[in-house]
Amino acid sequence: MSWFYLRCTLWHSSASYLLLVGLLGRQLGLKVGFQVVHTLTCSRWGTPSNQGLFQNGDVVIGGLFNIHYRPPAIENDFTLLPHYKPCTGLQRAALQYAMVFAVEEINNSTTLLPSVKLGYHIFDSCGRPPWALQAALSLVGGDRTSCTSEDTSDYSAVSGEKYRERRAVDPPVPLIIGGASSVTGQILSRTLEPLSISYMASCPCLSDRLQFPNFFRTIPSDIYQAWAIAQLAIRFKWTWIGAVVANNNYGHMAVKVFQKETQGKEVCLAFVETLNRENIVRDAKRAALTIQASTARVILVFSWYTDVRELFIQLSKINVTDRQFLASEAWSTSDDLLQDPVTRKVASGVFGVAIRSSTIPGFQNYLKSLNPIHRPDDEFLQEFWEREFGCIPNATPLPSYVTSTPSHENRFLLRASLPPCSGTESLEGVQHPFTDTSQLRVAYNVYLAVYAAAHALHSLLSCPDMDSLLRNKSSTCSSLKPIKPIELLQHLNKVNFTTPQGEHFYFQGADIPPKYDLVNWQKSPDGLQKLVLIGRVDGFDLFLNESAIQWSTGSNQVPVSVCSESCPPGTRKANRKGEPLCCFDCIPCAEGEISNKTGSLHCKRCPSEFWSNIERTACIPRRLDFLSFNETLGITLTTVAVSGVVVTTAVFVVFLCYRHTPMVRANNSELSFLLLVSLKLCFLCSLVFIGRPSVWSCRFQQAAFGISFVLCVSCLQVKTIVVLAAFRSARPGAEALIRWFGPGQQRGSVCLLTFVQIIICSTWLSLSPPVPRRDLGFRGSKVTLECAMASVVGFSLVLGYIGLLACTCLLLAFFARKLPDNFNEAKLITFSMLIFCAVWVAFVPAYVSSPGKYTVAVEIFAILASSYGLLLCIFAPKCFIILLRPEKNTKKHLMAR
C-alpha cells in the first residue's frame, strides 16, 4: 500500500472535503494523508453555508432534494466541485416542504416522539450525484461555518477516526432522506455510514441487502412496474409490442423483466430500440423510423421524459400518429409532455404506470401559507416569489456569495430591475404545480420516508438499553446522546405503522410492497390532455376500470397489436421459420382432428367412434355406413339381382312350356330345372348381403351363398358326368355305365354334394359365426357396420369347397367338349365354368383390398357375375333355338354329327 501525501491550502473546504479525497484515495488503493497549513474560512464545500433549509432539534435528520436543476450541457464532473457553480432553474414541485411539513406534524404529535424535537438539515443536490455526495458529506461529518487559522492537523482519511474526534460542533445526522435518483442512492449507501431513505431511487439493484445494508426506500423497485406493464400486455392480448428504452440499467431491466413475465404467454417484442441521452436526437430518429416500419401498434417506452419528448418530435416529423404508447412512471405523469402540442398529436391515449398518489391533509394550506416574510432565510422561497410575483420579497439584497459570483449575474440584473414586494402577495389564489396537492406522488414518498424515520427513532428512544439499565439499576432511559446509524438500522428494519392517512406501512428488506396508479391521458373538451386515474396496482393484484380507458383511437375499443391474427377454431398455429413465435400461419386441422378454441397450437384427434365436422371444430359421432337399399350402389345391385331372378324365372317358364321338346328332354330336363332353381337362389342370396347387418343376416347370408352355389355347381357337374356317361355307353361293353347314372343317382349325387356344404356351413356357424361389427380401422366420417369373419378358416372352407367342385366340373366339361353331337352341352358348361372360375379367382384379392361396405359390394358382384355367366352360357343358346329356331328343335337335328 503506497502513501500519497497532500499539502494544500483550502479556500472553500471543510473536513468533508478531506473525507471525500480520502475515500477517493481508498478506491485507488492509496493511503492519503493531509496537512492543513492555513485556512481562512471553512464552509460546506462547493455550496454557500446558508443555502438550504435548517432547523435544529434533539435529533436532526438530513434531506437531499433537487431544488434546482442544472442544464444538461454541464457535465457531472468532480473537477467542477472545488469551485462553486450554482444550479439554475427552479423545480416546479418543492419536495423539501413535504419533509418540513412532516417534521412539524411529528413535532406537534403527542404520541410519536412526544419528548423529542426533530430537526432537519436540507440541502440542494441539484440533480447531480457529485453535489449530492458533497452535501451528504457535510451532513455526515457535522458542519460549521468557520475555523481557526492555526488549525493544522494530520488526518487519516481512510479510517476517519481522527476526523470524527475533531468533528464540528453540529453532530452528524444518523439518517438522510434522499437521494433523488438510483445513482445517488448507490453512491450514498456505498460511501457513507448513515442510513438513507430514498423517495425516488427505484433501481432493483438497491434491493441487495449485502451491498446496500443501510439503504431503504419508499418507492417500489422498477421490477414491479415492468411486471405491471407485462400483465397489461397479457390482459389486452397485445402479442406484438415494440420497445423503446433508455440505454442504461433502467431500460435494460425493463426489457428483461417484461420478457420474463410474458414468457410462454404468447407476447413477443417486435423490436427493442435504445436511447442514449448523449446522442438523443440521432437515437430518437432511428427509433421513430423503426416504429414507423414495424407492424406493432403498441409501443412500450421506458425512458426519461426529456428523451421521450425528443422521440415524439421525431415521430411527428414522419407523421406517425396511430400508435398506442405504454408509459413507465418516469414520464407517465409529466406535465411538460401532457401539455405539449407535439405530444397531443403523436401520443394521445397514453396508458401508463405512475407512482401511487395520495393526499396529505393540511399540506395544501401549509404550502399556501408560505411567505418569505416569515422565512427570510429560505432562498428557494425568495427565488420562487421573484419569479411568480415579479418583485423582491422584503427588499432583501442578494447574499454576498451571489453578487460576487459571475454565474449569478443574470439573477442579479433581474433583481436590480424588480420592485420591492408590497407584502400583500400570497399563494392563496395562485394556480401553480407548487400548490397543487390533488395527486401527490413523490411528495407523498418523502412524507412516508420522514414518518418511517420518526417511527424508527421512536422505537429506538423509547426502549432503554437493557444492559445499562441492569448495571445502573435505573428505571428510565438515559438522556439523549448522538444516535449511531447501526442502532437506528435495527429499528428501521422493523418499522410497522399506520400513517395518518390510514395506510399500513412497513419495509420488506429495503423495499416497500409495490403500489402504483394506472393512468390514462385523455382529451378534455378544451382540446388539452388531462391525466385520469383508471386503475391501481396493489402488490401483485391489478385493478382496472377498462370502460374508463380512452385509447389512442379515441374510443373505448382496445387496440390490436399482433404479428399474426389468432388462428380461429378448426386451425392450428404453424411457426414461420426464422421469425418469433408470435408470427405464425394458420393451418387447417386434418380430417379426424379438431381445435375448438382460438389460437390452438395443436389439433386434437377425435376418439375412434367420432370424426371431425366440416369446420374441424367439434367431434361428432361417426355415421354408421353399410350397403343399404337406399343408396345408388345398393339400388344398382338390387336391380341386377332382381333382374337375374326375373330372367331365370322366364327361362324356367320357357323350359316348362317346352319340356316335351327334344331340346329340353335331350339336356336332362330334371337337372336343368334344378339348376334354374339353384341359379334363382344364387340371385336371391345376393339380396341378403344388402341392408343393415344383424346377427341372423350375417349368419344366413354366408350359408345361403355357400349352399346355393354348391347346389348350382353340383347340378352342372352331374350334368357333365351324365353327358360323358351317355357317350361312353355307346361303346361296346359299356352299356352298364349308363345304369349307374340314372335319374335317381343323379338326384342323389346332387344332394350328397350339397349336403357336404351344409355340414361345413353348420359347423362354421355353430362354432364361430360371422357377427355384426363396427370397423373403426377406416379413418373417415363413417364407421362401417359389417359382418366380421370371426373364423377365416370357416369362410375359406366354404369357398374352397365351391372352388373344388367348380374346378372338377371344368375339367370334366373340358374332356367332353369335343363329343360328336350337333348340340353338345359340355361346351356350354366349359365356357360357364371358365367364367365362374375367373370371377371367383379375381374376387379374392378384390375382396381383401376393398374398404368398408365395398367389401360386401365385391362379394355381391362376384355372386351376380358368376350367376349371370352360368345362366347365359348354359341357357341362352337353348332358349334361342327353342324360341327363334324351332326347326332345329328336333331329335334328328340334335343327333346329327
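Thresholds applied
- Residues numbered from 1 in each chain as written.
- Predicted model: local features only at pLDDT ≥ 70, side-chain atom pairs only at ≥ 80, totals over all residues.
- Heavy atoms only, no water.
- Buried < 20%, exposed > 50% of the residue type's maximum accessible area, 1.4 Å probe, protein only.
- Helix = DSSP H or I, 4+ residues; strand = E, 2+ residues; numbered from the N terminus.
- Pairing = 2+ DSSP bridges.
- Phe/Tyr/Trp six-rings, centres within 6.5 Å; stacked < 30°, edge-to-face > 60°.
- Lys NZ or Arg CZ within 6 Å of the ring centre and 35° of its normal.
- Disulfide = S-S within 2.5 Å.
- Core = buried A, V, L, I, M, F, W, Y, C linked by side-chain atoms within 4.5 Å.
- Contact = heavy atoms within 4.5 Å.
- pLDDT = per-residue confidence, 0-100.
- Axes fitted to C-alpha atoms, helices over the stretch in contact; angles between N-to-C directions.

**A short note on the pairing of strand 7 (residues 118-124)**
Step number 1: Across the 7 residues of strand 7, 7 count as buried, placing the element largely inside the fold.
Step number 2: Alternating positions in strand 7 separate into two faces, L118, Y120, I122 and D124 on one and G119, H121 and F123 on the other, with burial throughout.
Step number 3: Where strand 3 (residues 53-55) meets strand 7, 3 bridges bridge the pair, whose relative direction is antiparallel. Bridging across to strand 7, F54 finds its partner in H121.

**Quick notes on the packing of aromatic side chains**
Step number 1: Scanning the model with the defined rule gives 40 aromatic pairs in all.
Step number 2: Centroid distance F65 to Y199: 5.2 Å. Interplanar angle 15°. Geometry classified as stacked. Pair noted here: F65 is in strand 4 (residues 59-65) and Y199 is in the loop between strand 10 (195-198) and strand 11 (215-217), with a separation of 134 residues, a long-range link. Residues F65 and Y199 agree in their burial class; the two are buried.
Step number 3: An aromatic cluster is built from F705, F709, W764, F795, F836, W840, F843 and Y847, whose rings are joined through pairwise contacts.
Step number 4: The ring of F543 carries R536 above its face, with NZ or CZ at 4.3 Å from the centroid.
Step number 5: Directly above the aromatic system of F652 lies the positively charged group of K680, at a separation of 5.9 Å from the ring centroid.

**A word on the state of the cysteines**
By definition, a disulfide links the sulfur atoms of two cysteine residues through a covalent bond.
Step number 1: Scanning the entire structure with this criterion turns up 8 disulfides.
Step number 2: Linked covalently through their sulfurs, C391 and C421 form a disulfide whose S-S length is 1.9 Å. One quick way to see it: the torsion about the S-S bond of C391 and C421 is about 90°, and its sign makes the bridge right-handed. With C391 in the loop between helix 13 (379-389) and helix 14 (400-403) and C421 in the loop between helix 15 (409-417) and helix 16 (442-462), this pair connects stretches of sequence that are 30 residues apart.

**Topic: the nonpolar core**
Step number 1: By size, the foremost hydrophobic cluster in this structure holds 70 residues, and its most contacted members are Y97, M99, I177 and I197.
Step number 2: It is helix 16 that provides the largest number of residues to this core, a total of 15 residues.
Step number 3: Apart from residues no more than four positions distant in its own chain, M99 is found in contact with I61, G62, G63, F65, Y120, I122, I177, V446 and V450.
Step number 4: Grouped together as the second largest cluster of nonpolar side chains are 66 residues, L637, C712, W840 and F875 included.

**Let's talk about the pairing of strand 21 (residues 541-544)**
The two faces of a sheet get side chains in turn, since along a regular strand they alternate between them.
Step number 1: Bridge analysis of strand 20 (residues 529-538) against strand 21 gives 4 bridges, and the strand direction is antiparallel. Following the sheet pairing, V537 is matched in strand 21 by L542.
Step number 2: The hairpin formed by strand 20 and strand 21 contains 2 residues between the paired strands, and G539 there has a positive phi angle of roughly 65°.

**Remarks on the confidence of the model for the protein**
Step number 1: In the predicted model, the protein carries a mean pLDDT of 80, and the fraction of residues at 70 or more is 81%.
Step number 2: This model gives residues 400-409 a pLDDT under 50, and the stretch forms 13 contacts once residues within four places in sequence are excluded.

**Observations regarding the sheet that holds strand 20**
Step number 1: Ordered by their spatial adjacency, 8 strands build an open sheet running 13-12-14-15-16-19-20-21, and the pairing between neighbours is mixed. Whereas interior strands pair on both sides, the edge strands pair on one side only; in this sheet they are strand 13 (268-275) and strand 21. Direction aside, neighbouring strands of the sheet carry axes that sit 25° apart on average.
Step number 2: Strands strand 12 (240-246), strand 14 (298-302), strand 15 (324-327), strand 16 (351-355), strand 19 (515-523), strand 20 and strand 21 of the sheet are contacted by helix 6 (residues 222-235), whose axis makes an angle of about 55° with strand 21.

**Side note on the sheet that holds strand 10**
Step number 1: Read across the sheet, 6 strands follow the order 3-7-4-9-10-11 without closing on themselves; strand pairing throughout is mixed. Each edge of the sheet is formed by a strand with only one pairing partner; in this case those strands are strand 3 and strand 11. On average, each strand axis in the sheet is tilted by 25° relative to the strand beside it, whichever way the strands run.
Step number 2: Taken together, the 2 bridges between strand 4 and strand 9 (residues 175-177) define a ladder with parallel strand orientation. Across the sheet, residue G63 finds its bridge partner in strand 9, namely I177.
Step number 3: Helix-sheet contacts for helix 18 (residues 485-493) involve strand 9, strand 10 and strand 11, and the interaxial angle to strand 10 is about 40°.

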